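Per-entry structural report
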Amino acid sequence: MLALLFIIFAGLAVGCAVAVVAQRNPLYSAVSLIGVFVALACLYVMLAAPFIAAVQVIVYAGAIMVLVVFVIMLLNVEEEERRRPRLRFLVPTAVVMAAILVAETSFIMYSVRFSPFTPTDNISNTGITSQIGTGLFTRYLLPFEITSILLLMAIVGAMTLARRSLRLSPTARILPGAQVLARDVLTRGSPEDLTAIEADSSVEAARVLGVEPPIKREDLE
Amino acid sequence: MNLTINIVLYFVAITIAFLGIMLLVAFTVLAERRVLAFLQGRVGPNRVGYGGVLQPFADFIKTMMKEDLNPAQTTKFIFFLAPMIAVITAIMSILIYPFGPPITIPFFGTVPLVIARFDVALLYVLGITSVGVYGIALAGWSSNNKYSLMGGLRSSAQMISYELSLGLSLVGVILMAGTLDIYSIVEQQSGWFGFHWNIFYQPLGFIIYLISAIAETNRVPFDLPEAETELVAGFHTEYSSIKFLLFFNAEYINMITVSMLATTLFLGGWQGPLVNQFPLLGVFYFFIKVLFFLFLYIWLRGTLPRFRFDQLMSFGWKFLMPVAILNIVLTATIVAYWPVLLAKLGLR
Amino acid sequence: MNLAPQLWWYLALSAVLFTIGVVGVIIKRNVIAMFMCIELMLNAVNLTFVAFSSFFQDVSGQLFVFIVMTVAAAEAAVGLGIIIMIFRNRESLDVDDASILKL
């Protein structure tokens, strides 16, 4: 019975994972990835880890993938076109290297094929919420606190990236130490535009450092 | 053999609960139209059946007969999938609610009136609510229509914003109960002639939960994304016939589900007078409380104007979430220091 | 059949998912699709952790999964922000267009 459930959920996970890679429309990839996450949550329930299964659905399928789907809709991403001719052997190479990777991991798995416990006969109490709470706040308190600081860094980073830029004029001088983001300074050019971009703070920097100011190219002519 | 019997019993329980919820949805559709009509000084549908009781079934037959339009777009599979996600995630929540105290059937034994009882039931409900956002976002996108896209994105942004305060408002109840299991939370609210219900211990949490639940289900006053004067019909503009019926059903089942969560967590579930002697009274009390919340939803619809979208979002993020966190801090402080306080007062 | 899933079944599934993720990162040209394949790899590792935690009755595996999920969420937020910034500057989400270190 459990083996049948495992085969169903594992088949669903592998099928959706192949769909993530094979689909050309990124929205279909995102929906398939949600299928992978839900299948993995069901597998976690089978492994007697209900809290992690619920957190997987809430965090991965309910928050991260919502963010990805919103970004896909915001950027209006189209399907991928045909691959360029000079990368023609990319897919066969990737498949061959994947086969080598599976062979290597099978060797490792063959070494650990005996385990001391099978979680079907007994009721496993490892994954219930009180155990996880106890572990998280006693033995693993430091990783927990560091993770909360990491989340704070992510919030600050996301807010910085989403901030509206200052709309500097092209001749604005930028002093060293000014609160300016790099993207406000660099002008937005097409990828083929290879003209040099200057940040125009070299004179101030020279004055601060106490060296001779650099000679501008216009002064030479 | 034992396994087969268990599976058959689960199927029977799920079928009974599903049919009960569908009947309740039909009743809610009718009640909304009648009660809204009375609030607005008119009568509402009363021709079909006695007092209009068969009106929802007539609506169902009429909608089924309509043509199933599919707009020309490139994501046909997602257009087909979105209403299914909405309805499946709406109805998956009824698994965990206890409808009554354990009743004793002769020749069978004691049956707890809940489909599945497991350790992380509240997290399960929050997870299902999180996945329900996809039904709306994908419906708005795949309709190939800018009003649908705007409505879908606004509606899903609103839902994910108020999901936070919904979850945070429930943390106070979890702290007091010490478990995530809804069955245990209902059992812990017994005694004291009803004054042990969580609404008396967590009034702020209850109000935050109620506001967040109304915003989650896209009802007035938070229904800008599907208001007719604003965005045609929001994310379900391009849907017709059965798919529209699925969205319609999903909205009402969501209403019923959040009402059930409110009654089990705050109003004591099936608790009430004389429940220990007559266990079936528990089911009756449960449905009375759920109907009270549904009446509250309809009453608010007939009374309040709707929020503008930026007012809605700033209310959710700048007011409701900090108040929910304040509620958690207060509850945690009191729960942690209650024995110390009692000892200082000399009562323990 | 009364067979229960063995440990190596879960590890095999995790290896297959990880490999599919690696193939996806190599093959895909859309930045968001590559990001999704990275998430797939992280989930394969999560499955290994939970399987070991369950078969060896140790809760540490599940706690580490908790932390991996948090890190993945933080990485998703910042990574997608960077992707949006790149898209605003280049109007294209193709990784081959961003292969020179020039804005």
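Rules and cut-offs
- Residues numbered from 1 in each chain as written.
- Chains lettered and ligands numbered in written order.
- Predicted model: local features only at pLDDT ≥ 70, side-chain atom pairs only at ≥ 80, totals over all residues.
- Heavy atoms only, no water.
- Helix = DSSP H or I, 4+ residues; strand = E, 2+ residues; numbered from the N terminus.
- Rg over C-alpha atoms; globule rule 2.2 N^0.38 Å.
- Buried < 20%, exposed > 50% of the residue type's maximum accessible area, 1.4 Å probe, protein only.
- Lys, Arg positive; Asp, Glu negative; His and termini not counted.
- Salt bridge = Lys/Arg side-chain N within 4 Å of Asp/Glu carboxyl O.
- Polar contact = N/O pair within 3.5 Å; in protein donor to acceptor, adjacent residues only side chain to side chain.
- Contact = heavy atoms within 4.5 Å.
- Buried area = accessible area lost by both parts, 1.4 Å probe.
- Nonpolar A, V, L, I, M, F, W, Y, C, P; charged D, E, K, R; others polar.
- pLDDT = per-residue confidence, 0-100.

1. Some points on the overall build of chain C
When you go through chain C residue by residue, the secondary structure sums to three helices and zero strands. Relative to its length of 103 residues, chain C is extended, with a C-alpha radius of gyration of 18 Å against a globular reference of 13 Å. C-alpha extents for chain C along the principal axes are approximately 55 × 25 × 20 Å. When the 103 residues of chain C are sorted by exposure, 59% land in the buried category.

2. Section: the side chain of Lys289 of chain B
All names here are of chain B. Of note, Lys289 is situated in helix 12 (residues 280-303). Within the buried set, Lys289 has no salt-bridge partner at all; the shortest N-O distance to an opposite charge, 14 Å, is to Glu187. Of note is the side chain of Lys289, whose polar atom sits 3.0 Å from the backbone oxygen of Leu267. The contacts of Lys289, once residues within four sequence positions are left out, are Trp197, Thr263, Leu267, Gly268, Gly269, Trp270 and Gln271.

3. A short note on the interface of chain A and chain C
Interface size is commonly expressed as the accessible surface area that is lost when the partners come together. Between chain A and chain C, the residue contacts involve 88 residues of the former and 75 residues of the latter. With both chains or domains summed, chain A and chain C bury close to 7,400 Å², and 75% of this area falls on carbon and sulfur atoms. Put simply, chain A and chain C have zero salt bridges between them. Linking chain A with chain C are six residue pairs in polar contact (both at pLDDT 80 or more). Of all elements in the fold, only helix 1 (2-22), helix 2 (26-46), helix 3 (50-75), helix 4 (90-111), helix 5 (129-138) and helix 6 (141-161) of chain A reach the threshold of two or more residues within the side of chain A that touches chain C. The greatest single-element share of the side of chain A that touches chain C, amounting to 14 residues, is contributed by helix 3 of chain A. When the residues that make up the side of chain A that touches chain C are grouped by side-chain class, the tally is 62 nonpolar, 16 polar and ten charged.

4. Side note on the confidence of the model for chain C
All names here are of chain C. Of all residues in chain C, 95% have pLDDT values of 70 or greater, and the mean over the chain is 88. Looking at the elements of chain C, mean pLDDT is at its lowest for helix 3 (residues 60-90), recorded as 90, and at its highest for helix 2 (residues 31-55), recorded as 93. Taken together, the chains of this predicted complex give a pTM of 0.86 and an interface ipTM of 0.92.

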